[in-house]
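Understanding the architecture of this molecule
What follows is each chain in one-letter form.
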Amino acid sequence: MGKFRIRGGRRLEGDIRVIGAKNAILPILAAVILTRKTVVLYDFPRLADVENMLLILQSIGCQVKREGTTLIVDPSNVNSWVIPDRHVKEIRSSIVMLGAVLARMKKAKITYPGGCEIGQRPINLHLHGLRQLGVIIDESHGYLECEAANMVGADIHLDYPSVGATENIMLAATCAKGRTIIRNAAKEPEIIDLQNFINSMGGKVHGAGSNTIIIDGVDSFHETEYTVIPDRIVAGTYLMAAAITGSELVVHNVNLEHIQSIVTKLRESGCMITPYKGTDAGAVKIKAPQRLWAIEHTKTYPYPGFPTDMQALLMSVLTVAKGTSIITENIFENRFKHVPELIRMGANIRTEGKIAVIQGVPVLKGAEVSASDLRGGAALVIAGLKAEGETIVDNIHHIERGYENLDLCLRSIGADIERI
Ligand code: EPZ
């Protein structure tokens with residue numbers, strides 16, 4: 001298993017660029033099989049989760065070619081409706097293939113995606129929505145065997161604005177007869193990106209970004225070229241790195257609208273964050289104080305609330321802030337696995353159910369720590385940038401699911417970090 005060695009205490013400086021959003025790319029890769037024509041996608045990071053999705057596309061008959069950060073997919077010869085188990089076990093978010101395979105092949109077979117480190121990750125809302133479209137789903141022997149010969153548009157209300165359920169229903173509904181309405185839909189920017197991608201191929205989806213999405217089924221799709229939105233969580237990660245090290249940094253390729261809740265919290269802790277004039281459209285400049293103020297209470301909520309994916313990263317920053325901060329994790333039931341590792345580095349954190357109380361300490365000490373999930377692992381790297389001495393983060397394969405060459409990126413702005 002790979003490890004990162006970080007020597008903390010250094011200021012960061014300079015410019016860094018954010019690449020395409022993992023959580024926009026994954027559903028868009030599923031949507032690619034809606035068309036039989038060639039699809040060209042730009043600004044594609046090399047991430048383990050993306051590579052796994054490409055393996056899934058190839059396993060059902062797609063041709064995939066990568067030229068740098070450009071991806072060319074030919075989905076004309078999709079010839080299977082069975083998603084291989086080994087890939088679903090690798091990334092549970094491959095469940096979003098279900099809606100797309102049903103739309104294309106009118107049937108699908110996929111193993112039940114297990115839970116993961118951060119929670120049980122049920123898919124009841126996905127299945128409830130698909131059944132309302134007329135999909136017959138047999139859930140036995142750990143598989144979902146689905147028939148979707150005659151999908152008909154439906155008026156679907158989600159009990160919870162699930163990102164994955166919204167995406168799966170949206171994908172299936174693109175080929176259902178008539179109109180589908182998804183109420184209490186997820187409003188994340190990645191849902192808007194999926195809508196825009198589907199429409200760029202000739203789909204008829206609108207309302208994404210609001211809590212009501214309308215999909216009118218179409219018979220066919222054409223070719224498209226598309227650039228995915230920047231990754232708001234990677235952008236947030238770089239801002240947190242600057243905040244914890246008291247640095248000044250310019251982060252490029254950022255959609256300021258998508259990171260409003262993150263910027264608000266960092267300003268509350270004493271950082272100055274302003275749109276950066278002079279270059280590409282979206283760039284922000286952060287100037288962090290030597291010591292941050294504690295943030296009284298942060299609660300994670302569906303977008304546009306503070307994102308659960310930023311919870312661990314904010315917690316790392318708050319471990320050295322002046323005062324006591326509280327974080328409530330409302331989305332996932334087991335997303336505090338970074339807490340014992342931060343405590344090993346000298347943090348003063350107490351958790352009680354979904355609440356964490358962080359008493360700021362003046363310094364963190366380097367230690368050997370373990371990543372156990374994607375964002376929790378990134379949070380340990382951020383803490384290591386601040387900690388005195390050397391921090392070793394192991395199990396970095398978790399981190400590589402969502403960050404491309406995080407060590408090289410942070411080194412390019414002055415961090416002392418290397419892969420060992
Ligand atoms: C997506 O996961 C993201 N993954 C997650 O990012 C992100 O944390 C999450 O949305 C919330 O923003 C991708 O986009 C690939 P949900 P998803 O369905 O779709 C419950 C990362 O770090 N729920 O909105 O699985 C569920 O248990 C990952 O990049 C049901 O009860 O999120 C959870 O408590 C981690 N039944 C809550 O909803 C269902 O059928 C949020 O889940 C579906 C979900």
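Please read all numbers here as calculations on a predicted model, not as lab measurements.

For the rest of this paragraph, the subject is the environment of G377. Within the fold, G377 resides in helix α12 (residues 374–386). Between the C-alpha atoms of G377 and D85, which are 292 residues apart in sequence, the distance is 26 Å. Setting aside residues no more than four positions away along its own chain, G377 makes contact with A371, V393 and I399.

Let us look at the packing of helix α1 (residues 22–31) against helix α2 (residues 48–59). Axis separation between α1 and α2 bottoms out at 10 Å; the angle between their running directions is 0°. As the angle between them shows, α1 and α2 are arranged roughly parallel. Only D49, V50, M53, L54 and L57 of α2 make contact with α1, whose side of the interface consists of K22, I25, L26, L29 and A30. Its residues assigned to classes, the contact of α1 with α2 shows eight nonpolar, no polar and two charged.

So, about the side chain of S325. Relative to the helices and strands, S325 resides in strand β18 (residues 324–328). At 3.0 Å, the side chain of S325 forms a polar contact with the backbone nitrogen of I295. When residues no more than four places from it in sequence are discounted, the contact partners of S325 are A294, I295, E296, L318, A356, V357 and I358.

When two helices pack together, their arrangement is given by the angle between the helix axes and by the axis-to-axis distance. Contact geometry of helix α5 (residues 124–132) with helix α6 (residues 163–173) gives a least axis separation of 8 Å together with a crossing angle of 25°. Viewed along their axes, α5 and α6 adopt a mutual orientation that is roughly parallel. Judged by the sense of rotation from one axis to the other, the crossing of α5 with α6 is right-handed. Where α5 approaches α6, its residues L125, H126, G129 and L130 are matched on the opposing element by G164, A165, N168, I169 and A172.

Strand-to-strand pairing in sheets goes through backbone hydrogen bonds, with the strands running parallel or antiparallel. An order of β9-β10-β12-β11 is seen for the four strands of this open sheet, with the pairing classed as mixed. Since the sheet does not close on itself, it has two edges, and those belong to β9 (155–157) and β11 (204–206), each with one partner. Each neighbouring strand pair of the sheet contributes to a mean axis angle of 15°, computed without reference to strand direction. Sheet contacts for helix α7 (residues 189–200): β11 and β12 (212–216); angle to β11, the most-contacted strand, approximately 155°.

Here we come to the site of the ligand. Neighbouring the ligand are 23 residues, the closest being N124, L125, S162, D309 and I331. Interatomic distance of 2.7 Å between a side-chain N/O atom of N124 and a nitrogen atom of the ligand. For the ligand, whose unbound accessible area comes to 820 Å², protein coverage reaches 85%. Elements that contribute at least two residues to the shell around the ligand include exactly α1, α5, α6 and α12. When the residues that make up the shell around the ligand are grouped by side-chain class, the tally is ten nonpolar, seven polar and six charged. Two domains each put at least three residues into the shell around the ligand: domain 1 (3–19 + 230–419) and domain 2 (22–227).

Once that is clear, we can look at the pattern of salt bridges. By the definition in use, this model includes 21 salt bridges. R401 is paired through a salt bridge with D49; the nearest N and O atoms lie 2.8 Å apart. You can see R401 sitting in the loop between α13 (397–400) and α14 (406–411) and its partner D49 sitting in helix α2, a full 352 residues away along the chain. Among the charged side chains, a network of salt bridges with common partners joins R5, R7, E390, D416 and E418.

Attention now goes to α12. α12 sits mainly inside the fold: twelve of its 13 residues count as buried. Those residues of α12 not exposed but buried are L374, R375, G376, G377, A378, A379, L380, V381, I382, A383, G384 and L385. N-cap assignment for α12: the residue whose side-chain oxygen lies 3.4 Å from the backbone N of R375 is D373.

Basis of the calculations
- What you see as residue numbers is a count from 1 along each chain, following the sequence as written.
- This being a predicted model, a pLDDT of at least 70 is required before a residue's local features are given, and a value of 80 or more before pairs of side-chain atoms are given or counted; all residues contribute to the totals for chains, interfaces and linings.
- Values reported for side chains reflect all heavy atoms of the structure, with hydrogen atoms and water molecules removed beforehand.
- The helix count covers DSSP runs of H or I at least four residues long, the strand count covers runs of E at least two residues long, and both are numbered beginning at the N terminus.
- The contact criterion used is simple: two residues touch if any of their non-hydrogen atoms lie within 4.5 Å.
- To define axes, lines are fitted to C-alpha atoms, for helices over the stretch in contact only, and angles between the resulting N-to-C directions are given on a 0 to 180 degree scale.
- For classification purposes, angles smaller than 35 degrees are called roughly parallel, those larger than 145 roughly antiparallel, those between 65 and 115 roughly perpendicular, and all remaining angles oblique.
- Any residue outside Ala, Val, Leu, Ile, Met, Phe, Trp, Tyr, Cys, Pro, Asp, Glu, Lys and Arg is labelled polar, Gly included; the first ten of those are nonpolar and the last four are charged.
- Counted as a polar contact is a pair of N or O atoms within 3.5 Å, where, for protein atoms, one must be capable of donating a hydrogen and the other of accepting one, and residues adjacent in sequence contribute only when both atoms are in side chains.
- Each crossing gets its hand from how the near helix is turned against the far one by less than a right angle, where anticlockwise is left-handed and clockwise is right-handed.
- Strand pairing is assigned whenever DSSP identifies at least 2 bridges connecting the two strands.
- In these notes, residues near a molecule or strand are those with any non-hydrogen atom within 4 Å of it.
- Only the protein chains shown count as cover for residues, and all accessible areas are computed by the Shrake-Rupley method using a 1.4 Å probe.
- Note that the domain bounds were set by an automatic or database domain assignment.
- For this document, the term salt bridge refers to a Lys or Arg side-chain nitrogen within 4 Å of an Asp or Glu carboxyl oxygen.
- Buried residues are those whose accessible area, probed at 1.4 Å on protein chains only, stays under 20% of the maximum for their type, while exposed residues exceed 50% and partly exposed ones sit between those limits.

Everything listed here is a matter of coordinates, which is why it stays silent on function.
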